[in-house]
Amino acid sequence: MYDHGLTTNQMATPDADEVTVRVAQSWRTLRRGAAAHQLRTLLWETGPSRLTMGQIDSLDLLVTRPRWRMVEFAAGLDLSPSSATRAIDKLVDDGLAKRTVCVEDQRVHIASATRKGRRIQRTVMRSHLNIVSQALSGFDHTERAALADLTERFITQLDAAVNAKAIGQG
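Residues numbered from 1 in each chain as written. Predicted model: local features only at pLDDT ≥ 70, side-chain atom pairs only at ≥ 80, totals over all residues. Heavy atoms only, no water.

With that settled, consider the overall build of the protein chain. Counting its secondary structure elements, the protein chain contains eight helices and three strands. Walking the protein chain from its N terminus toward its C terminus, one meets helices and strands in the order α-α-α-α-β-α-α-β-β-α-α. By the burial criterion, 23% of the 170 residues in the protein chain qualify as buried. Nonlocal contacts in the protein chain, meaning residues at least 24 apart in sequence, comprise 45% of its contacts between residues at least 6 apart. Total accessible area on the protein chain is roughly 11900 Å²; 56% of this is exposed by carbon and sulfur atoms. (Helix = DSSP H or I, 4+ residues; strand = E, 2+ residues; numbered from the N terminus. Buried < 20%, exposed > 50% of the residue type's maximum accessible area, 1.4 Å probe, protein only. Contact = heavy atoms within 4.5 Å. Areas by Shrake-Rupley, 256 points an atom, 1.4 Å probe, with all protein chains shown as cover.)

Tallied over the entire structure, the rule returns three salt bridges. The partner of Asp 89 in a salt bridge is Arg 99, and the shortest N-O contact between them spans 2.5 Å. Taken together, the residues span a long stretch of sequence, with Asp 89 in helix 6 (residues 81-93) and Arg 99 in strand 2 (residues 97-101) at a distance of ten residues. Overall, Arg 99 belongs to the partly exposed group, its relative accessible area being 30%. Of the charged contacts in the structure, one is a salt bridge between Asp 105 and Arg 107, with a shortest N-O distance of 2.9 Å. A relative accessible area of 22% means that Asp 105 is categorised as partly exposed. (Salt bridge = Lys/Arg side-chain N within 4 Å of Asp/Glu carboxyl O.)

Spanning 29 residues, helix 8 (residues 141-169) covers 42 Å between terminal C-alpha atoms, matching the ideal 42 Å at 1.5 Å per step. Among the residues of helix 8, the N-terminal cap falls to Asp 140, whose side-chain oxygen and the backbone nitrogen of Thr 142 are separated by 3.0 Å. (Expected span 1.5 Å × (residues − 1). Polar contact = N/O pair within 3.5 Å; in protein donor to acceptor, adjacent residues only side chain to side chain.)

A few words on the packing of aromatic side chains. Each aromatic ring pair is characterised by the separation of its centres together with the angle its planes make. Under the defined criterion, the tally for this structure stands at two aromatic pairs. Taking 6.0 Å as the distance between ring centres and 85° as the angle between the ring planes, the aromatic pair formed by Trp 27 and Phe 154 counts as edge-to-face. Of this pair, Trp 27 sits in helix 2 (residues 18-32) while Phe 154 is found in helix 8, placing the two residues 127 residues apart along the sequence. Assessed through its relative accessible area of 35%, Phe 154 is described here as partly exposed. The ring of Trp 68 carries the charged tip of Arg 65 above its face, separated from the ring centre by 3.8 Å. (Phe/Tyr/Trp six-rings, centres within 6.5 Å; stacked < 30°, edge-to-face > 60°. Lys NZ or Arg CZ within 6 Å of the ring centre and 35° of its normal.)

What follows concerns helix 7 (residues 115-136). Every α-helix winds through 3.6 residues per turn, so residues three or four apart in the chain are directed the same way. Relative to the 32 Å expected for 22 residues at 1.5 Å per residue, helix 7 spans 31 Å between its end C-alpha atoms, a close match to the ideal helical length. Buried within helix 7 we find Gly 117, Ile 120, Gln 121 and Val 124. End-on, the buried residues of helix 7 take up no more than an arc of 100°, which puts them together on one face. The exposed set on the far side of helix 7, more than 90 degrees from its buried face, consists of Arg 115, Arg 126, Leu 129 and Gln 134. (Arc of directions from axis to C-beta.)

Next up on the list: the layout of surface pockets. Computed from the structure, the second largest pocket encloses a volume of approximately 180 Å³. Along its surface, the second largest pocket is lined by Thr 52, Gly 54, Gln 55, Asp 57, Ser 58, Leu 77, Leu 79, Ser 83, Arg 86, Ala 87 and Lys 90. When residues of the lining of the second largest pocket are traced back to their parent elements, those giving at least two are helix 4 (53-62) and helix 6. For the lining of the second largest pocket, a count of residues per class yields three nonpolar, five polar and three charged. (1 Å grid on protein atoms, 1.4 Å probe; cavity = no way out; pocket = protein on both sides within 12 Å on 5 of 7 lines; lining within 4 Å. Points joined across faces, edges and corners; volume = space filled by probe spheres on them. Nonpolar A, V, L, I, M, F, W, Y, C, P; charged D, E, K, R; others polar.)

A word on the sheet that holds strand 2. Hydrogen bonding along the main chain pairs the strands of a sheet, whether they run parallel or antiparallel. Overall, antiparallel pairing links the three strands, which are arranged 1-3-2 in an open sheet. The strands lining the two open edges of the sheet, one partner per strand, are strand 1 (68-69) and strand 2. Sheet analysis places strand 1 next to strand 3 (residues 109-113), joined by two bridges and oriented antiparallel. Along strand 3, the bridge assignment pairs Arg 69 with Ile 110. (Pairing = 2+ DSSP bridges.)

Residues Val 19, Val 23, Trp 27, Phe 154 and Ile 155 make up a contiguous nonpolar surface patch of roughly 430 Å² in combined accessible area. Those elements that provide at least two residues to the nonpolar patch are helix 2 and helix 8. Of the residues forming the nonpolar patch, the biggest block, three residues, is contributed by helix 2. Note on placement: Ile 155 falls in helix 8. (Patch = residues over 30% accessible without salt bridge, like charges linked within 9 Å, V, L, I, M, F, W, Y side chains within 5 Å.)

Pasting the structure below:
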């Protein structure tokens, strides 16, 4: 477990206020901390096929529609078409997805989750939501709603900041 005070002090720079440093530290801890590692093991590396986080992210999106045009699937995951194809290939190899050629346009490939893929995604999602529910049990309803709202807002603002930085460098 991280010593937040020590690492926060080490991250401090003259142009970053304390709250910004705390958010950056918390974000890193969410991504890289001991709980994150154990969570990956509990959720994504269990079951008949040891799924990676990327594979479960792909499967989470794949099950939201009966079928996906590959270009739309790539956009939904914010991946290049070739990366999305590799993601689907891994799921196809594990029997979690299938890929077909579109009947209306033979140039278009369609991806969809198999029954096995849908079942495994539900199992992993149930486990994920159970752990998140346990973590949120120490918060009242108002705090949980505020955390959800602020997290969603932070992600939107982070995307905008990264896009603005990328455009400025391009």
